[in-house]
Every structure is written in structure tokens, then in C-alpha cells.
Amino acid sequence: MEPIRRDALVRATIAEIGAAGSLDVTVSRIAKRAGMSSALAHHYFGGKDQIFEAAMRQILRDYSAEVRAALAGANTPTERARAIIRANFAQSCFDPAAVSAWMTFYSQAQTNPAALRLLHAYQRRLHSNLTHALRPICDAPEAVATTLAALIDGLYIRAALTSPDVNPEGCALAALSTLTKGAA
């Protein structure tokens, strides 16, 4: 039962953050949404920071699955780079609860060492994946990867903060146009 209950608490955390639009939620509210007592939530995770960290790990696993699925059909370096960019703007990444969790995650990383470690891991993986894909098709793959990663994060944050119902495809197209220019 423990894995099922942990998963329920993680999903409830994401939903509660989405409903509140911030980390201004209590373990009691999270536990209630998951259908269990707050004592059980504390037993499994210790506290809100640990539950939030587990929720972000789940969101990052979901994001990773999007990237792997996109890469599965990519046969050339250009297709790999395009797949990585598109995965960052998958519809699942723009689910309102996931958007709220990501925005909270960026904020938490400023003061929470565990969140900062997760953010750095995500950033390193994105940069590494982009650099690997770009190496055969451009002269400065590291620089282009850095620009694309910053653009991806910037487009996502802008869309999340200004247009909650934004079409992620427009963001992907903006990033893809930069890829075309960087790889030329």
C-alpha cells in the first residue's frame, strides 16, 4: 500500500498547488485530497517540503518520459534537437497544475537546496541532450544549446505567467525557428 499512498499524496500535492497557484497549501489539505490523514502524509514524507520535492521529482519523470517518447522517432541529429524542443512544449507540460508546480519549483529553488539540486539536474540534462543533438549540425553546439535552453525556459515562464491558456505549439515554433538559425 505504501507506494500507492505515496503516489496519491504526490498527485494530490500537484493538484493542490495547481488549485492554490502556489506552495501555500497545508499537508492537511494535501492529505485530505489524497483521502488519508495528515499523520499518514507526515509518516511517508516528513513534511511539506519533502512532499513537494517528491511531486517535482514526479513532474520531472513525466517530463523525461515526454522527451524519451519524442526522441524515439528521431533518426537524425536535427530530428533529435527538434524532438527535445517539442517535448518541452508538450501539452502535458502546460497542464495548469503542472504549470503551478513548475513556477513554485523555480521559486523554491532560490531558497531550498533540494529544489535547487533538482533544478540543476533538469538544466544539465536539457543542456546535455541539446548539445549531443547539435554537435553534428552546428559549429558551436554548447553555445546554441545554452541559448535554446534559456529560450525554452523563458518561453515557458512567459506563457505560464501571462497566458495560462496559451497554445504550446506557438512556443515550440519560436524555439524551433531559433534552432534553424543556430544550426545554419
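First, a word on what this report is: a plain description of the structure on this page. (Residues numbered from 1 in each chain as written. Predicted model: local features only at pLDDT ≥ 70, side-chain atom pairs only at ≥ 80, totals over all residues. Heavy atoms only, no water.)

### Side note on helix α1 (residues 2-20)
Given a rise of 1.5 Å per residue, 19 residues ought to cover 27 Å, and the 26 Å separating the end C-alpha atoms of α1 matches this to within 8%. Where α1 is concerned, the buried positions are Leu 9, Val 10, Ala 12, Thr 13, Ile 14, Glu 16 and Ile 17. Buried residues in α1 make contact with α2 (27-34), α3 (38-45), α4 (48-72) and α6 (96-108). (Helix = DSSP H or I, 4+ residues; strand = E, 2+ residues; numbered from the N terminus. Expected span 1.5 Å × (residues − 1). Buried < 20%, exposed > 50% of the residue type's maximum accessible area, 1.4 Å probe, protein only. Contact = heavy atoms within 4.5 Å.)

### Comments concerning the environment of Arg 29
By secondary structure assignment, the location of Arg 29 is in helix α2. Classification of Arg 29 as partly exposed rests on a relative accessible area of 36%. Along the sequence, Arg 29 and Asp 49 sit 20 residues apart, while their C-alpha atoms lie 14 Å from each other. Setting aside anything within four residues of it in sequence, one finds Arg 29 in contact with Glu 16, Ala 20 and Asp 24.

### Here's the deal with the packing of α4 against α6
The angle between the axes and the distance between the axes are what describe a pair of packed helices. It is at 11 Å that the axes of α4 and α6 come closest, and there the two elements cross at 120°. Classified by the interaxial angle, the pair formed by α4 and α6 is oblique. Seen along the crossing, α4 lies across α6 with a hand that is left-handed. Across the interface between the two elements, Asp 49, Phe 52, Met 56, Ile 59 and Leu 60 from α4 touch Ala 98, Ala 101, Trp 102, Thr 104, Phe 105 and Gln 108 from α6. Residues belonging to the contact of α4 with α6 are distributed by class as follows: eight nonpolar, two polar and one charged. (Axes fitted to C-alpha atoms, helices over the stretch in contact; angles between N-to-C directions. Parallel < 35°, antiparallel > 145°, perpendicular 65-115°, else oblique. Left-handed = near helix turned anticlockwise from the far one by under 90°. Nonpolar A, V, L, I, M, F, W, Y, C, P; charged D, E, K, R; others polar.)

### Side note on the nonpolar core
Ile 85, Phe 89, Trp 102, Phe 105, Leu 130 and Leu 134 are the most contacted members of the largest nonpolar core, which totals 66 residues. Considering each element in turn, this core owes the most residues, 10 residues, to α4. For Leu 134, the contacting residues outside a window of four places in its chain are Ala 81, Pro 141, Val 144, Ala 145, Leu 148 and Leu 179. (Core = buried A, V, L, I, M, F, W, Y, C linked by side-chain atoms within 4.5 Å.)

### Description of the packing of α2 against α3
Put simply, α2 and α3 touch, their axes get as near as 8 Å, and they point 100° apart. In terms of orientation, α2 and α3 fall into the roughly perpendicular class. In this structure, α2 contributes Val 27, Ser 28 and Ala 31 to the contact, and α3 contributes Ser 38, Ala 41 and His 42. Of the residues in the contact of α2 with α3, the class split is three nonpolar, three polar and no charged.

### Thoughts on helix α7 (residues 113-134)
With 22 residues, α7 extends 31 Å between its outermost C-alpha atoms, agreeing within 8% with the 32 Å of an ideal straight helix rising 1.5 Å per residue. If you check which residues of α7 are buried, you get Ala 114, Ala 115, Leu 118, Leu 119, Tyr 122, Leu 126, Asn 129, Leu 130, Thr 131, Ala 133 and Leu 134. If you check the start of α7, you find a side-chain oxygen 2.8 Å away from the backbone N of Ala 114, and it comes from Asn 112. (Polar contact = N/O pair within 3.5 Å; in protein donor to acceptor, adjacent residues only side chain to side chain.)

### Comments concerning the environment of Thr 131
With respect to the element layout, Thr 131 can be found in helix α7. Overall, the relative accessible area of 4% leaves Thr 131 in the buried class. Counting along the chain gives 11 residues from Thr 131 to Glu 142, while the straight-line C-alpha distance between them is 5.6 Å. Not counting residues within four places of it along the chain, the set of residues in contact with Thr 131 comprises Pro 141, Glu 142 and Ala 145. One polar contact links the side chain of Thr 131 to the main-chain carbonyl oxygen of His 127, over a distance of 2.8 Å.

This is a description of form; function is not addressed.
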